[in-house]
Amino acid sequence: MEEQFRVVQVSDTHVSHRHPHFLANWGRFAAASRAAPPRLVVNTGDASLAGARHPEDLVAAARLHAALPCAWRIVPGNHDAGDHPALCDGAGRRLPATRERLAAFRATLGPDRFLEDIGGWRLLGINGMLLGSGLPEEEEQFAWLEAARAGAGDRLLALFLHKPPFLSDPAEPGPVYWSVDPRARARLMGLLDAARLRLVGCGHLHEHFARRHGAAEIRCCPSLAFVASPALQPEAAGGARETGWLEHVFARDGVTARVETHRLAPTQQGAKEDE
């Protein structure tokens, strides 16, 4: 059994076949991964700039991840597979999650959820874009998550998804763009509060923060691509606005994390497009 292992979490990489905006930052991340390969890389969504609208962006993201020197998993973000239907106004700026977009994600980037048992840990990744979607796959995923939790035995749990479960309070209203739908959140937290959960890794906010919820630490990974200005992102969680990724070190009794920056370009907010 592994006593200690490293998992690198990267998020909001916004790779595109049309726009090279963020490839320099990806290159630095890939070089760091080659210099010290982790046990696993987890991308917590928005791997693509506009994969929900332009499937070629999903292909570009798949190509870059395939060149990494280790195993990798990607869970969908709203740019990859669409968003909560209540947040889509019909004008086409935000596209809703659909079964067709889910199928395109799976065909290009692999399963939209994962389970990895490493040492005394069970690492779970879920498709957060299903939460509150009303799609049949939402119920299927909750059943899968319950079975994964129940079958974990004495293993500690880590959960990865795109949007944070909440910004500051599990009882906060919604749905809102920046966090999980409240009804789905209540069900999600009900499953995990009683479990041996120690980490929730998320992204989406383009900032880094860490806060406690029970025995778990919620860690929001900064974007690898760009920092969002307060004008672009007025509803934030009060974290650090910086580009980078997270390195999680899992040990027998817990997990620690640190932010890696590696001289990344700090702000390219104008390139966020095609939601």
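Residues numbered from 1 in each chain as written. Predicted model: local features only at pLDDT ≥ 70, side-chain atom pairs only at ≥ 80, totals over all residues. Heavy atoms only, no water.

### Describing the confidence of the model for the chain
Summarising the model, the chain shows a mean pLDDT of 91, and 92% of its residues fall at 70 or more. Below pLDDT 50 for its whole length, residues 268-275 participates in 35 contacts with residues either more than four positions away or in separate chains. (pLDDT = per-residue confidence, 0-100. Contact = heavy atoms within 4.5 Å.)

### Observations concerning the sheet that holds strand E6 (residues 156-160)
Strand order across the open sheet formed by 6 strands is E4-E5-E6-E7-E9-E8, with mixed pairing between neighbours. At either end of the open sheet lies a strand with only one pairing partner, and these are strand E4 (114-118) and strand E8 (209-213). Direction aside, neighbouring strands of the sheet carry axes that sit 15 degrees apart on average. Examined bridge by bridge, strand E5 (residues 121-125) and E6 share 5 bridges and lie parallel to one another. Its bridge partner being in E6, Trp 121 is matched across the sheet by Leu 156. Running at roughly 175 degrees to E5, helix H5 (residues 136-150) makes contact with E4, E5 and E6 of the sheet. (Pairing = 2+ DSSP bridges. Helix = DSSP H or I, 4+ residues; strand = E, 2+ residues; numbered from the N terminus. Axes fitted to C-alpha atoms, helices over the stretch in contact; angles between N-to-C directions.)

### Describing the pairing of strand E9 (residues 216-220)
The buried fraction of E9 is high, at 5 of 5 residues. Side chains Ala 216, Ile 218 and Cys 220 project from E9 onto one buried face, and the interleaved Glu 217 and Arg 219 project onto a second face that is buried too. Both E8 and E9 contribute to a ladder of 5 bridges, which runs antiparallel. Bridged to Arg 212 within E9 is Glu 217. The loop that links E8 with its antiparallel partner E9 comprises 2 residues; one of these, Gly 214, has a positive phi angle of about 60 degrees. (Buried < 20%, exposed > 50% of the residue type's maximum accessible area, 1.4 Å probe, protein only.)

### A look at the environment of Asn 43
Its location among the elements puts Asn 43 in strand E2 (residues 40-43). As a C-alpha pair, Asn 43 and Gln 9 span 34 residues in sequence and 5.8 Å in three-dimensional space. Apart from the residues within four sequence positions on either side, Asn 43 is in contact with Val 10, Ser 11, Asp 12, Thr 13, His 65, Arg 73, Ile 74 and Val 75. A polar contact is formed between the side chain of Asn 43 and the side chain of His 65, at a distance of 3.1 Å. (Polar contact = N/O pair within 3.5 Å; in protein donor to acceptor, adjacent residues only side chain to side chain.)

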